[in-house]
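# Working through the structure, step by step
Here is what each chain is made of, one letter per residue.
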Amino acid sequence: WLGALRFDNLALRSLPVDVSEEGGPRTVPGACFARVRPSPLQNPRLVAMSLPALALLGLELPAADPAAAEAEAALFFSGNRVPAGAEPAAHCYCGHQFGSFAGQLGDGAAMYLGEVLGPRGDRWEIQLKGAGITPFSRQADGRKVLRSSIREFLCSEAMFHLGIPTTRAGTCVTSDSKVVRDIFYDGNPKNERCTVVLRIASTFIRFGSFEIFKPPDEYTGRKGPSVNRNDIRIQMLDYVISTFYPEIQEAYSDNTIQRNAAFFKEITKRTARLVAEWQCVGFCHGVLNTDNMSIVGLTIDYGPFGFMDRYDPEHVCNGSDNTGRYAYNKQPEICKWNLGKLAEALVPELPLEISQLILEEEYDAEFEKHYLQKMRKKLGLIQLELEEDSKLVSELLETMHLTAGDFTNIFYLLSSFSVDIDPSKFEDFLEDLTSQCASVEELKVVFKPQMDPRQLSMMLMLAQSNPQLFALIGTKANINKELERIEEFSKLQQLTADDLLSRNKRHWKEWLEKYRVRLQKEIESIGNSDAWNTEHVKVMNSNNPKYILRNYIAQNAIEAAENGDFSEVRNVLKLLEHPFQEAEGFQEAKEDAEEEGATATAAVSSQETRSRQPYCSKPPLWASELCVT
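So, how was this worked out
Residues numbered from 1 in each chain as written. Predicted model: local features only at pLDDT ≥ 70, side-chain atom pairs only at ≥ 80, totals over all residues. Heavy atoms only, no water. Helix = DSSP H or I, 4+ residues; strand = E, 2+ residues; numbered from the N terminus. Rg over C-alpha atoms; globule rule 2.2 N^0.38 Å. Buried < 20%, exposed > 50% of the residue type's maximum accessible area, 1.4 Å probe, protein only. Contact = heavy atoms within 4.5 Å. Areas by Shrake-Rupley, 256 points an atom, 1.4 Å probe, with all protein chains shown as cover. Pairing = 2+ DSSP bridges. Axes fitted to C-alpha atoms, helices over the stretch in contact; angles between N-to-C directions. Parallel < 35°, antiparallel > 145°, perpendicular 65-115°, else oblique. Patch = residues over 30% accessible without salt bridge, like charges linked within 9 Å, V, L, I, M, F, W, Y side chains within 5 Å. Salt bridge = Lys/Arg side-chain N within 4 Å of Asp/Glu carboxyl O. Polar contact = N/O pair within 3.5 Å; in protein donor to acceptor, adjacent residues only side chain to side chain.

Time to look at the overall build of the protein. The secondary structure content of the protein amounts to 21 helices and 13 strands. The C-alpha atoms of the protein give 25 Å as radius of gyration, which agrees with the globular expectation for 629 residues (25 Å, within 12%). Its C-alpha atoms put the protein at 75 × 65 × 65 Å along the principal axes. The burial tally for the protein puts 53% of its 629 residues in the buried class. Partitioning the contacts of the protein with sequence separation of at least 6, the portion at a separation of at least 24 is 73%. With the model as given, the accessible surface of the protein reaches about 27,600 Å², and the carbon-plus-sulfur share is 49%.

Here you go:
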């Protein structure tokens, strides 16, 4: 089956490859790649495969013997066998991690297999993530486990079907090989199954790929492995621009500075549009280091990501992001900061005064333009583009925040609101809307104080008496957040469910009246309101997903898979291939899956049984305890 793969490994021909055969982690100077060999796994078996992703490579599951093809995929995409024409290698890159330069990083667990020519003549780099030790593994073992691999596999495909630029995932293969992981870094390690994901993209080169030339950092003292090798920087720019931005190469073939400036402008705009797309579906990446930023504007490296449930602009999906550097509302500015680091890494081939001007002129304007365009579609504003639209969006998000509304479900519900809605139907609509807001019980979980009162008291005293020491062990923002939690939690003790419902309805009535007025302006600007309404609903339904990869959905699939049942991973994959309402045939498939008891059930720590929920439900209470690091 895999004999159909046609390899043409342009990257290895175009960029320097380390000639050393020394095994184990080491510094790799003067090279963009180092040759490696995948480490075999015991009894590899397929968890799931994405046929739409594999079709990019020209692979279709043979109807005659699908089981044999699945077995072959498990053998080759676990790393136990290397396909003919593949040349396994690990890519060298550096990165700024949580704002500090970390020196050489590189593919510590991922391996480039090669580049496959697809049936349409396009070229796809394929990678095995979790295939063993490389020169860049540092103190780690080069392995990934079932839980993180399922999350990356499912989210890569979910993002694609949401229409967001992303790397793809073709297969997820697990095994009987085990590694030890301390999931929450709390001294409770456990054995987990080694698992490998086949990743697919035009390229996995990232911002950090250009940071290998960085001289010693003034703060950390770390440096890139290829300092003073501007010849390699030139090679990389030539390769990246000619291969992935051919129109720019053609337009500026006789002026390198202008060519590099045009490239930087394009990646600036692509990155701005990408993060605008994230914000519009409530996606949080979790680790927006420069080494996790794609040089072609894709979402890359799915680790502690999360789709926001209850709208909170300061939502942090990564349990180990203690300062909230990569919070939802900070993603746009962080991506701009990362572009600034890319600009520094391109000197002298692109002078900083040119790239900084491009960044200032292009990034914010492109982000705001794309964000507002997308939000207009989510609200069904298809006829007019008014200045007031930005305020309407801000007020919607503020209402969501005040009422602790579910980001995805509220947007989805808005398509059933109309200008001339009947008063009794309006009350029903309001009931539906407020049912997607957090209950008193849910809010008590959200605002439950997290610090011991004695610890908080000590920290407050320390902040006053010894600010320098306080700065080393805590942050003012974290203390203020804890004080806010205490205040909110205290208020919730007096709040009844009826009071909360009444308050939420009042907030939503105020915003819906503004929305109604804005929709009325749409209708008044055209002659045929029926045609407008049909298109209005159609646009909303194709921009507001009903299904996203919520943490609790992923967790149910993970727990079933850890118990040997891969059916839920496959069900969720199918679900996420049709995230919008109008996906044909999906409703029937979903009902069949639910009848078969597709959703895995598992016991929580309180020994209560998790009840099966529709995949479009806002999270159950137990999901608030999920922590991804």
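And the narrative resumes.
This part takes up the side chain of Asp-291. Looking at the secondary structure, you find Asp-291 in the loop between strand 12 (283-284) and strand 13 (306-307). Among residues more than four places away in sequence, those in contact with Asp-291 are Tyr-93, Cys-94, Gly-95, His-96, Gln-97, Leu-105, Arg-206, Gly-208 and Asp-301.

In terms of residue burial, strand 7 (residues 110-117) counts as a mostly covered element, since seven of its eight residues are buried. The pairing of strand 7 with strand 8 (residues 123-129) spans seven bridges and is classified as antiparallel. Residue pairing across strands places Val-116 opposite Trp-124, the latter belonging to strand 8. In this structure, the hairpin formed by strand 7 and strand 8 is closed by a connection of five residues, where Gly-121 is found at a positive phi of approximately 90°.

Right, let's talk about the packing of helix 17 (residues 497-524) against helix 18 (residues 529-541) for a bit. Here helix 17 crosses helix 18 at 125°, and the two axes come no closer than 10 Å. One way to sum up the angle between helix 17 and helix 18 is to call them oblique. Contacts from Tyr-515, Leu-519, Glu-522 and Ile-523 in helix 17 reach Ser-529, Trp-532, His-536 and Met-540 in helix 18.

What follows concerns a nonpolar patch on the surface. On the surface, Leu-460, Leu-483 and Ile-486 cluster together into a nonpolar patch covering about 210 Å² of accessible area. Tracing the chain through its elements places Ile-486 in helix 16 (residues 476-492).

Our next topic: the side chain of Glu-568. Among the structural elements, Glu-568 can be located in helix 20 (residues 567-576). Residue classification places Glu-568 among the buried positions, given a relative accessible area of 1%. Side-chain polar atoms of Glu-568 contact the side chain of Tyr-615, separated by 2.9 Å.

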